[in-house]
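Next come the chains, spelled out residue by residue.
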Amino acid sequence: MHKVIISDTSCFIILSSIDELSLLQKLYGTIITTQDIAMEYGENLPNWVEIVIVKDKQKQQLLEMQLDKGESSAIALALETANCTLILDDLKARKIAHQLNVSFTGTLGIIIKAKQKGIIDAVKPIIEKIKQTNFRISPELELQALKEAKE
């Protein structure tokens, strides 16, 4: 069965700010997100991003006691979606997703996978572009990503 990929706002923002949003489509075809994330993103999402409504609003509201609306909606949607992976960058949100047994990756994980699949030649130039934005990557995380990408 095809794995469902759900994205939080940060991945859309980071990849679009460095003109690499198409990596998501090249890797996965269709990406799913929530209305809250689409609104947080603030721009029109490409037609290969499908907006899905979270059914369990109570679960989302409980998550909102600890996380922002976008992250809460993404985790709530992941909890009601079988066979999915959530793209999540925020550390606190990742810890909660882990506690709830939600499978996740981050934007750097997407970039590494794009190299592994031959969609891009190297991870380092993309990391360098990300470092020019306001998205922070710790030196340890950068080193780990480059090691995983065999660079």
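Preceding this paragraph is the structure being described.
Computed from a prediction, not measured in an experiment: that's the story for all the values here.

A. A look at the packing of helix 7 (residues 107–116) against helix 9 (residues 139–148). For the pair helix 7 and helix 9, interaxial distance at closest approach is 10 Å and the crossing angle is 20°. Regarding the angle of helix 7 to helix 9, the classification is roughly parallel. The interaxial crossing formed by helix 7 with helix 9 has right-handed handedness. Contact residues: helix 7 offers Leu108, Ile112 and Gln116, while helix 9 offers Leu141, Ala145 and Glu148. Residues of the contact of helix 7 with helix 9, tallied by class, amount to 4 nonpolar, 1 polar and 1 charged.

B. Expanded view of the nonpolar core. Judged by nonpolar contacts, the single largest core of 51 residues is most densely connected at Phe12, Leu24, Ile75 and Ile111. Discounting residues that sit within four places of it in the chain, Ile75 has contacts with Leu63, Leu67, Leu86, Leu88, Ala93, Ile96, Ala97 and Leu100.

C. Broad picture of the environment of Ile6. Of note, Ile6 is situated in strand 1 (residues 4–7). Setting aside anything within four residues of it in sequence, one finds Ile6 in contact with Ile32, Ala74, Leu77, Ala78, Thr81, Cys84, Thr85, Leu86 and Ile87.

D. Highlighting unusual backbone geometry. At Asp19, a residue that is not glycine, the phi angle is positive and equals roughly 60°. Not every positive phi belongs to a glycine, and Asn101 is a case in point at roughly 60°. With respect to the helices and strands, Asn101 occurs in the loop between helix 6 (91–99) and strand 5 (104–105).

E. Spotlight on the layout of surface pockets. The volume enclosed by the largest pocket comes to roughly 540 Å³. Only helix 1 (9–17), helix 6, helix 7 and helix 9 provide two or more residues apiece to the lining of the largest pocket. For the lining of the largest pocket, the per-class residue count stands at 6 nonpolar, 7 polar and 9 charged. The space that makes up the second largest pocket amounts to roughly 210 Å³. Lining the second largest pocket are Ser10, Ile13, Ile14, Ser17, Thr133, Asn134, Phe135 and Arg136. Classifying every residue of the lining of the second largest pocket gives 3 nonpolar, 4 polar and 1 charged.

F. Focus on the pattern of salt bridges. Applying the stated rule across the entire model yields 8 salt bridges. Between Glu151 and Lys115 there is a salt bridge, with its nearest N and O atoms 3.3 Å apart. Linking Glu151 in the segment after helix 9 with Lys115 in helix 7, this pair joins segments that are 36 residues apart in sequence. Judged by its relative accessible area of 38%, Glu151 is partly exposed. With its nearest N and O atoms 3.5 Å apart, the salt bridge here joins Lys131 to Glu128. Of this pair, Lys131 and Glu128 both sit in helix 8 (residues 124–131), 3 residues apart, roughly one helical turn. We classify Lys131 as partly exposed; its relative accessible area is 36%. For Glu128, a relative accessible area of 28% corresponds to the partly exposed category.

What counts, and where the lines are drawn
- Residues numbered from 1 in each chain as written.
- Predicted model: local features only at pLDDT ≥ 70, side-chain atom pairs only at ≥ 80, totals over all residues.
- Heavy atoms only, no water.
- Axes fitted to C-alpha atoms, helices over the stretch in contact; angles between N-to-C directions.
- Helix = DSSP H or I, 4+ residues; strand = E, 2+ residues; numbered from the N terminus.
- Parallel < 35°, antiparallel > 145°, perpendicular 65-115°, else oblique.
- Left-handed = near helix turned anticlockwise from the far one by under 90°.
- Contact = heavy atoms within 4.5 Å.
- Nonpolar A, V, L, I, M, F, W, Y, C, P; charged D, E, K, R; others polar.
- Core = buried A, V, L, I, M, F, W, Y, C linked by side-chain atoms within 4.5 Å.
- Buried < 20%, exposed > 50% of the residue type's maximum accessible area, 1.4 Å probe, protein only.
- 1 Å grid on protein atoms, 1.4 Å probe; cavity = no way out; pocket = protein on both sides within 12 Å on 5 of 7 lines; lining within 4 Å.
- Points joined across faces, edges and corners; volume = space filled by probe spheres on them.
- Salt bridge = Lys/Arg side-chain N within 4 Å of Asp/Glu carboxyl O.

These values are about where atoms sit, not about what they do.
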